[in-house]
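# Observations on the model geometry
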Amino acid sequence: MTPEKYFEQTAASIASLGEDELKTQIKNFKGRFRLDFTDSYLDNIGVDRLRHILLAALINIKTDD
């Protein structure tokens, strides 16, 4: 899969997630690095910021391949 197609599919998938699912995926992120956000922080940021965090983490994993 091309990087552009991966980005498009990943972004579309993340766009369909609700706030609770975004938080769950961020808290349970399995990757080369750990996402270490407190529940309090995640509860006090907007859905767009949650999507940005998850998308950035997933894109970073793909660029390491």
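Structural data are supplied above this passage.
What you are looking at is a predicted structure, and each value in this text was computed from that prediction instead of being measured. (Residues numbered from 1 in each chain as written. Predicted model: local features only at pLDDT ≥ 70, side-chain atom pairs only at ≥ 80, totals over all residues. Heavy atoms only, no water.)

Another point: the pattern of salt bridges. A full pass over the atoms with the stated rule returns 5 salt bridges. The partner of K23 in a salt bridge is D43, and the shortest N-O contact between them spans 2.7 Å. Of this pair, K23 sits in helix α2 (residues 19-27) while D43 is found in helix α3 (residues 39-43), placing the two residues 20 residues apart along the sequence. Judged by its relative accessible area of 47%, D43 falls in the partly exposed class. In this structure, the salt-bridge partner of R34 is D36, at a minimum N-O distance of 3.6 Å. D36 matches R34 in its accessibility class, with the two residues each being exposed. (Salt bridge = Lys/Arg side-chain N within 4 Å of Asp/Glu carboxyl O. Helix = DSSP H or I, 4+ residues; strand = E, 2+ residues; numbered from the N terminus. Buried < 20%, exposed > 50% of the residue type's maximum accessible area, 1.4 Å probe, protein only.)

The next point concerns the environment of F7. Mapped onto the elements, F7 comes out in helix α1 (residues 3-15). We classify F7 as partly exposed; its relative accessible area is 40%. Taking the C-alpha atoms as reference points, F7 and I59, separated by 52 residues in sequence, lie 7.1 Å from one another. Not counting the four nearest positions on each side in its chain, F7 is found in contact with L55 and I59. (Contact = heavy atoms within 4.5 Å.)

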